Amino acid sequence: MKGIVFTEFLDLVEDKFGLEMVDKIITSSNLESGGIYTSVGTYKFSEMLQLLQHLSENTNISIDDLLLVYAEHFFSVLQQSYPGLLATYKDPIEMLSSIENHIHIEVRKIYPDAELPTFDVIEKTDKSLTMIYKSSRAMHHFGLGLMNKTFEHFNSTASIVLEKLKDDGTEVKFIINKN
């Protein structure tokens, strides 16, 4: 997993819960990296899982809810760092339907060894989108948070239903209906 995901996560934890919490979740985890991350480095996903688990335990906030909040933070990072990418689109459905064929291609140019989830578009209209998310990391709530912020970015709203196709969350259907 790319280091930017770790550095931004720890920035969010510090902003929302303080530096003591950052120290607490790092020291309670068994991290090969020692909790020292660079945005361009690559680290094991198991380290993110440990950090999320310890943050959840210390805040009584579910991992899914933490991923939603983190995705909102991460979207703002994308807005600041890659404004041209977002400016390519005029509509949230159009942007979300191009994750696989455009956005992930651009991400791979910057981070060639990034391990990204897949988003297969099953059905698309002007007002709706159905996609299948697949990832061994089961971070579908991170994806949901990014989708929510995408609609907000375009001054729009939607109902997004998440349906687990596999109990472990490695395969999820997103049913999106623009309001």
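Our structure is the block above this text.
Residues numbered from 1 in each chain as written. Predicted model: local features only at pLDDT ≥ 70, side-chain atom pairs only at ≥ 80, totals over all residues. Heavy atoms only, no water.

K.L.:
Would you explain the overall build of the chain in this entry?
P.N.:
The secondary structure content of the chain amounts to eight helices and four strands. Beginning at the N terminus, the succession of helices and strands in the chain can be written as α-α-α-α-α-α-α-β-β-α-β-β. At 16 Å, the chain has a C-alpha radius of gyration in line with the 16 Å of a compact globule built from 179 residues. Expressed as lengths along the three principal axes of its C-alpha atoms, the size of the chain is roughly 50 × 35 × 30 Å. For the chain, the proportion of its 179 residues judged to be buried stands at 47%. The contacts of the chain with a sequence gap of at least 6 include a subset with a gap of at least 24, amounting to 59%. Carbon and sulfur atoms provide 50% of the accessible area of the chain, an area that totals close to 9,300 Å². With 16 positive and 26 negative side-chain charges, the chain shows a spacing of 6 Å between the two charge centroids. (Helix = DSSP H or I, 4+ residues; strand = E, 2+ residues; numbered from the N terminus. Rg over C-alpha atoms; globule rule 2.2 N^0.38 Å. Buried < 20%, exposed > 50% of the residue type's maximum accessible area, 1.4 Å probe, protein only. Contact = heavy atoms within 4.5 Å. Areas by Shrake-Rupley, 256 points an atom, 1.4 Å probe, with all protein chains shown as cover. Lys, Arg positive; Asp, Glu negative; His and termini not counted. Charge placed at Lys NZ, Arg CZ, Asp CG, Glu CD.)

K.L.:
Can you walk me through the pattern of salt bridges in this structure?
P.N.:
Where charged atoms from two side chains of opposite charge come close, those side chains can pair. What the rule picks out here adds up to eight salt bridges. Here Asp-120 makes a salt bridge to Lys-134, at a shortest N to O gap of 4.0 Å. With Asp-120 in strand 1 (residues 118–124) and Lys-134 in strand 2 (residues 128–134), this pair connects stretches of sequence that are 14 residues apart. Under the relative-accessibility criterion, Asp-120 is labelled partly exposed at 33%. Lys-134 gets classed as partly exposed once you look at its relative accessible area, which sits at 35%. (Salt bridge = Lys/Arg side-chain N within 4 Å of Asp/Glu carboxyl O.)

K.L.:
Just checking my understanding: could you explain the layout of surface pockets for this structure?
P.N.:
Rolled over the atoms, a probe sized like a water molecule indicates the empty space that remains. Each pocket or cavity is described by its volume, and for the largest pocket that value is around 890 Å³. Lining the largest pocket are 33 residues, with Phe-74, His-104, Leu-116, Phe-142 and Leu-146 positioned closest to its centre. Mapped onto the lining of the largest pocket, the elements with two or more residues apiece are helix 1 (3–17), helix 4 (63–81), helix 5 (83–87), helix 6 (92–97), helix 7 (99–110) and helix 8 (140–153). With six residues, helix 7 is the single largest residue contributor to the lining of the largest pocket. For the lining of the largest pocket, the per-class residue count stands at 25 nonpolar, four polar and four charged. (1 Å grid on protein atoms, 1.4 Å probe; cavity = no way out; pocket = protein on both sides within 12 Å on 5 of 7 lines; lining within 4 Å. Points joined across faces, edges and corners; volume = space filled by probe spheres on them. Nonpolar A, V, L, I, M, F, W, Y, C, P; charged D, E, K, R; others polar.)

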